[in-house]
Each structure stands twice: as structure tokens, then as C-alpha cells.
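Okay, here's what each chain looks like letter by letter:
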Amino acid sequence: QGIFGIILRLGDIGIAFDNLIYIVKNFSFDDLLLGSTLIRPIFFLIPRSLWAAKPLDTQLLIVEERYGSLSEFGGGTSQSITIVGELFWNFSYFGVFIGLLFLAMIIRSIDNVLCKTKSLSTIYMLTILVPFFFVIWRGAFSSELVYTLISMIPIVFLIFLHKLLKELPKYSNSDRKA
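1. With respect to the nonpolar core
Among soluble globular proteins, nonpolar side chains are generally buried collectively.
And step 1. One finds I23, I62, W89, L129, F133 and I136 to be the most contacted residues of the largest nonpolar core, which totals 23 residues.
And step 2. Broken down by secondary-structure element, the contributors of at least two residues to this core are α3 (58-67), α4 (82-116), α5 (120-127), α6 (129-135) and α7 (141-167).
And step 3. In terms of residues, this core owes the most to one element, α4, which gives 7 residues.
And step 4. Those residues in contact with L129 that lie beyond four places of it in its chain are I110, T148 and M152.

2. Considering the environment of S119
And step 1. Examined against the element boundaries, S119 turns out to sit in the loop between α4 and α5.
And step 2. At a separation of 3.3 Å, a polar atom in the side chain of S119 contacts the side chain of T122.

3. Here we look at α5
For an α-helix, the turn length of 3.6 residues means that residues three or four places apart are oriented alike.
And step 1. Residues of α5 that are buried: S121, M125 and L126. Viewed end-on, α5 has its buried residues packed into an arc of 120 degrees, placing them on one side of the element.
And step 2. Contacts from the buried residues of α5 go to α4, α6 and α7.
And step 3. Here α5 starts with a cap whose side-chain oxygen sits 3.3 Å from the backbone nitrogen of S121, and that cap is S119.

4. What to know about unusual backbone geometry
And step 1. For L34, which is not glycine, the phi dihedral falls at a positive 55 degrees.
And step 2. For L34, the position within the fold is in the loop between α2 (13-25) and α3.
And step 3. Of note in this structure, T82 is not a glycine but carries a positive phi near 75 degrees.
And step 4. Residue position: T82 is located in helix α4.

5. What to know about a negative patch on the surface
And step 1. There is a patch of like negative charges on the surface, built from D30, D31, E64 and E65.
And step 2. Tracing the chain through its elements places E64 in helix α3.

6. Some words on a nonpolar patch on the surface
And step 1. A contiguous nonpolar surface patch, about 660 Å² in accessible area, is contributed by F94, F97, I98, L101, F102 and M105.
And step 2. With respect to the element layout, L101 can be found in helix α4.

How each quantity is defined
- Residues numbered from 1 in each chain as written.
- Predicted model: local features only at pLDDT ≥ 70, side-chain atom pairs only at ≥ 80, totals over all residues.
- Heavy atoms only, no water.
- Core = buried A, V, L, I, M, F, W, Y, C linked by side-chain atoms within 4.5 Å.
- Buried < 20%, exposed > 50% of the residue type's maximum accessible area, 1.4 Å probe, protein only.
- Helix = DSSP H or I, 4+ residues; strand = E, 2+ residues; numbered from the N terminus.
- Contact = heavy atoms within 4.5 Å.
- Polar contact = N/O pair within 3.5 Å; in protein donor to acceptor, adjacent residues only side chain to side chain.
- Arc of directions from axis to C-beta.
- Patch = residues over 30% accessible without salt bridge, like charges linked within 9 Å, V, L, I, M, F, W, Y side chains within 5 Å.
- Areas by Shrake-Rupley, 256 points an atom, 1.4 Å probe, with all protein chains shown as cover.
- Salt bridge = Lys/Arg side-chain N within 4 Å of Asp/Glu carboxyl O.
- Lys, Arg positive; Asp, Glu negative; His and termini not counted.
- Charge placed at Lys NZ, Arg CZ, Asp CG, Glu CD.

In C-alpha cells:
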């Protein structure tokens, strides 16, 4: 058990791994999601009442796939499948290879920018992404991306407000009398 066992229990890694194995074992090219769950964040503002066929998150799809909608897990419950499972379910082995390569290039780019920048605004914005890159290993790519983008809104507002107030002209009392 030890620390590794605690991490597995706290992060639901065991369930996510079981779901990943289920997807790989029951793989069929007919069942590929073809990127529908990866582009889901683009459409998160559109209500499902207006678009009933809006793509579902893999966390909901895996429960429906494994247990059915009428199971004890049905009715809005979700389970994760890891980023590897999400990439596999969308594009098979090719998706896992290309997706992880693309993810590595993004992380490398962010690291390069963080190492070279002197702008606190840039550091604030990019450090918001740090939890995203950890959580997607457990699963929930599209949900976590939406949460991350939404959490950037107040930071962008504060940075804008700071820059606005910092750059406002400063008047002294002698300037106002003239």
C-alpha cells in the first residue's frame, strides 16, 4: 500500500485504469469518437436543450458504455478514463501517439516561455494551466479545459485592470489648478 496506494485511492486512478483497459480490450473502429470529446469545450456555452446531439464527455460515455444508462451509476454519474483512454477512444493508437506528442510540445513551449519571460502577467496566465496538465492524466480533458479557461477570466480581468490603473496619467495638485 504505502504512499502509492493512498495516491491511487485519492485519485481514482484504479477506476480510470480499469476503464482504459476496458476501452482497449473492446476496441472497434466503428466505436471511435473521432475527436468529438476533444472539441467539446468549443461548444460548452451551447445548452443541450438547443443541441440535443452535442458531444458528451468521455466520463459520461464510459459509464453508459460499461454499465448502461439504467445502472446504479446512471443518471449523471461519471468516471474517468485517463488522457490516454480519451485519445485512444477518439483516434485509436495513432491518437495516443500524436496526442501525447502534441501535449509534450505544448508543455515544452509553455516551459520555454516561462523560463524567458519577465512579464508577471504571462507567468500568471501560464501557471493557471499547471493543474490542467496534472488533472488530464486522470481523465476529464474537456471538462478540465473548460474549468481552466473559465478560471482565466478573472485573472485576465485583474491583469487588464492593473495595467489600466498603472498606465492612467497621474496628476498632481499643481496640474489640476492650471
